[in-house]
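Chains, contacts and geometry: an overview
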Amino acid sequence: MLYGLALFASCLLLAWPLSRYMAWVFSPTSRGRFDSWLERLVGEGAVASQDWRRYASSLVVFNALMFALVFLVLVFQHRLPLNPDAKPGLEPSLAFHTAISFATNTNLQHYSGEQSLSYFSQVVGLSWLQFVSAATGLGALAAIARALGPSRSVGNFYRDLLRGSLLLLLPISVGFASVLVLLGVPMTLDGAAVAHTLEGTTQTIARGPVAGMLAIKQLGTNGGGFFGPNSTHPFENPSQLTNALSNVAILLLPMASVWMFGRLIGRIRHATVIFGVMAVLFLVTAVGALHFEAQPNLAASSVVDQGLGNLEGKELRVGAGPGAFWAVSTTATSNGSVAAMHDSLSPLGGLTALAGMWLNVSFGGVGVGMINMFLYVVVAVFIAGLMVGRTPEYLGRKIETREMKIAALALLLHPLLILGGTALFAATPWGVHSVANPGSHGFSEILYEMSSAAANNGSGFEGLGDNTVPWNTLTGVWMFLGRYLPIVLPLAIAGFLAEKKVVPETAGTFRTDTPLFGFLLLGSVLLLGGLLFLPAAVLGPIAEHLGMLGAR
């Protein structure tokens, strides 16, 4: 418990000053040499102001092009350089799934990196996507904040993309990667090493440019591992120190994004209320996971001494507690990297990880977590307006029918993708034949995979045989819809609000910077984002937990 609180406090201390720099990076008034260089190199279109429609279309088109480019890299990697171990090209459905997974900041991996991908694919393809996909989310949040703030200007997508990538993500990733190299994480372009053991056998040890990919994987809430076991692999996570630093990196930018939003709209107290709601959601699930994983595994309690908690599936260099805290951090922030086998979490421990993806706002992904919470803010303000009998207003703009329809559509999309996909695969051979465990746990494996894809998370209950054409295709489409519609629709809301006349605040205005609004916002998240998933939770992890109690 103290371990988790110490990491959380460290992120709190670091996120505040970092948010100042982030606000400068995305400020509409922070023009300098970088913008002059960008304008000379690319043209005026790279810095000229866009409305929300042009911003959204630029975002989607750019992301579609980078998906297509990386898809070709993966299919033809055997013909490209930096392939010392002669890896063949990926099968088309797997290449489709992998390219769209990294383009959407999901990094859901149906392959083992060290066995399937060349260094060129890992560095030039996937690591590049991890930078620009994270910058896309940050830029979209900044665009919404600028539209709602004093400037009322959405900004320019390409300016946000380049400033976010080159002025924010690249410098801190280089610094973090340098620290990781000093702590024992490999960074080399040499091929796999061949070792001769004392028993006289030969062992092939995969390696590569791990530290560089690891840094942006954590800082950008990407989560894609260089190795199949992800951060349980000793080359990605050699020690308790690298484990702690990586966990801080996972939470840092999502936390700072909330403060950046408050600075850009000029309402820090409002951001404080939102941050408080996110912190409550995160800490409740973290305490729950730590408690559940500190208990013995009921399935093995009669044959194995479990005085240290549920160590099944835990990396012993890390331990049960830090492994459980990482599971919450990675699902609360849509990071998706793992330092424990999530399929081996206790049923209720697995439920805390699922809850983070279902709510998708307890800090969430870089930029997009705050965007998702913005939708709940709109709903909470609208409900408050109905309660007091006046037109709801947010930051001086009236929220009307058009904005509420868009917000409702965006919020309902998330459970529709998760529950609809789960129902389809749980009722057909596509899913039934891919689960390793029958009954409620097998259902949870399908439910987790759909939740991970729709929430752009990327972690998984890896008892699932998911590298099939149906899984690759459907989860690829789900990742696309779950990424871009929840970005474009809030952009539309912000764009419409920016066009409206600002209404002066009066004594009857419902304030959004008070504890009362915080309770209303928390209730909106739990009622709209949580209760919809309760039946699925009962069929999966809760039924499994009750079954284990009955067996004992």
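Up top is the structure.
Okay, so let's go over this structure. What you see is a predicted model; the values in this text were computed from it and never measured. (Residues numbered from 1 in each chain as written. Predicted model: local features only at pLDDT ≥ 70, side-chain atom pairs only at ≥ 80, totals over all residues. Heavy atoms only, no water.)

**Looking at helix α1 (residues 2-26)**
To keep things clear, this is the line we draw: The helix count covers DSSP runs of H or I at least four residues long, the strand count covers runs of E at least two residues long, and both are numbered beginning at the N terminus. In this scheme, a helix's expected span is set at 1.5 Å multiplied by one less than its residue total. In this scheme, the bend at a residue equals the angle between the axes fitted to the seven residues that finish there and the seven that begin there. The cut-offs for exposure are 20% and 50% of the maximum accessible area for each residue type, with area from a 1.4 Å probe on protein chains only; residues under the lower value are buried, those over the upper are exposed, and the others partly exposed. We call two residues in contact whenever any of their non-hydrogen atoms come within 4.5 Å of each other.
The end-to-end C-alpha separation of α1 is 35 Å, in line with the 36 Å expected for 25 residues at 1.5 Å each. Along α1, the sharpest kink reaches roughly 30 degrees, centred on A15 and followed within four residues by the proline P17. Among all positions of α1, only G4, L7, F8, C11, A15, L18, S19, M22, A23, V25 and F26 are buried. Summarising the contacts, the buried residues of α1 are in contact with α6 (119-148), α7 (157-182), α9 (240-265), α10 (268-293) and α11 (320-332).

**Regarding the packing of aromatic side chains**
Cut-off, in case you're wondering: Here a Phe, Tyr or Trp ring, Trp counted by its six-membered ring, pairs with any other such ring whose centre lies within 6.5 Å, and the pair is stacked when the planes are under 30 degrees apart, edge-to-face when over 60, and tilted otherwise.
Across all of its chains, the model carries 25 aromatic pairs by this definition. Taking 5.6 Å as the distance between ring centres and 15 degrees as the angle between the ring planes, the aromatic pair formed by F8 and F282 counts as stacked. With F8 in helix α1 and F282 in helix α10, this residue pair connects regions lying 274 residues apart in the sequence. Pairing F67 with F96 gives two aromatic rings, centres 5.9 Å apart and planes at 90 degrees, and the pair type is edge-to-face.

**What to know about the packing of α1 against α7**
Heads up, the condition is: Note on method: axes are straight lines fitted to C-alpha atoms, helices fitted across the in-contact stretch only, with angles between N-to-C directions ranging 0 to 180 degrees. Handedness of a crossing is defined here by the sense of rotation of the near helix relative to the far one, left-handed for an anticlockwise turn of less than a right angle and right-handed for a clockwise turn. Side-chain classes are defined by residue name, with Ala, Val, Leu, Ile, Met, Phe, Trp, Tyr, Cys and Pro counting as nonpolar, Asp, Glu, Lys and Arg as charged, and the others, Gly among them, as polar.
Interhelical geometry of α1 versus α7 gives an angle of 140 degrees and a closest axis separation of 9 Å. Considering how the two elements wind past one another, α1 and α7 form a crossing that is right-handed. Contacts between α1 and α7 involve L18, Y21, M22, W24, V25 and F26 from the first element and D160, R163, G164, L167 and L168 from the second. Tallied by class, the residues present in the contact of α1 with α7 amount to eight nonpolar, one polar and two charged.

**Regarding the pattern of salt bridges**
Which entries qualify depends on this criterion: Salt bridges are defined by distance alone: a side-chain nitrogen of Lys or Arg within 4 Å of a carboxyl oxygen of Asp or Glu.
As enumerated under the stated definition, the model contains eight salt bridges in all. Close ionic contact of E236 with K217 constitutes a salt bridge, the shortest N to O distance being 2.4 Å. Of the two residues, E236 sits in the loop between α8 (210-219) and α9 while K217 sits in helix α8, which places them 19 residues apart along the sequence. Its salt-bridge partner being R511, residue D513 comes within 2.9 Å of it at the nearest N-O pair. Of the residues examined, D513 reaches a relative accessible area of 18% and is grouped as buried.

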